[in-house]
Amino acid sequence: MSSDRIDAESKVSGNQANIPARIRRELDIDDGDHLRWHLENGSLRVEVVQQQTGTFAEFDGYDGDEKTDVTTEHDAWGVDVE
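Residues numbered from 1 in each chain as written. Predicted model: local features only at pLDDT ≥ 70, side-chain atom pairs only at ≥ 80, totals over all residues. Heavy atoms only, no water.

Q: Can you lay out the environment of Lys-11 for me, pointing to particular residues and giving the numbers?
A: Its location among the elements puts Lys-11 in the segment before strand E1 (12-13). The residues touching Lys-11, leaving out its near neighbours within four places in the chain, are Gln-16, Ala-17 and Asn-18. (Helix = DSSP H or I, 4+ residues; strand = E, 2+ residues; numbered from the N terminus. Contact = heavy atoms within 4.5 Å.)

As structure tokens, then:
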């Protein structure tokens, strides 16, 4: 993959490089996103991994049949209480 086109340029400072704003906007890169770095035949490829939004982004909820009473069992759910 060889190209003379330069989309943007940044400078390394203290072993860190900034991602130019135009590139961040175009790829929708935001705080908390991850960058995966790949070396391919002497070239660098970067993959953007978007952060899932919200603390419970993958939480589907409780799908059981057992009823609970939050006022008495809140801290004991899933724990045998004597």
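Next, the rest of the story.
Q: Which residues make up the side chain of Asp-33, and what are the values?
A: Relative to the helices and strands, Asp-33 is located in the loop between helix H1 (21-27) and strand E3 (34-40). The charged side chain of Asp-33 is buried without a salt bridge, its nearest counter-charge being Arg-24 at 9.2 Å. At 2.7 Å, the side chain of Asp-33 and the backbone nitrogen of Asp-30 are in polar contact. For Asp-33, the side chain forms a polar contact with the main-chain nitrogen of Gln-51, separated by 2.8 Å. (Buried < 20%, exposed > 50% of the residue type's maximum accessible area, 1.4 Å probe, protein only. Lys, Arg positive; Asp, Glu negative; His and termini not counted. Salt bridge = Lys/Arg side-chain N within 4 Å of Asp/Glu carboxyl O. Polar contact = N/O pair within 3.5 Å; in protein donor to acceptor, adjacent residues only side chain to side chain.)

So, to be careful, I would describe these as geometric facts and stop short of saying anything about function.
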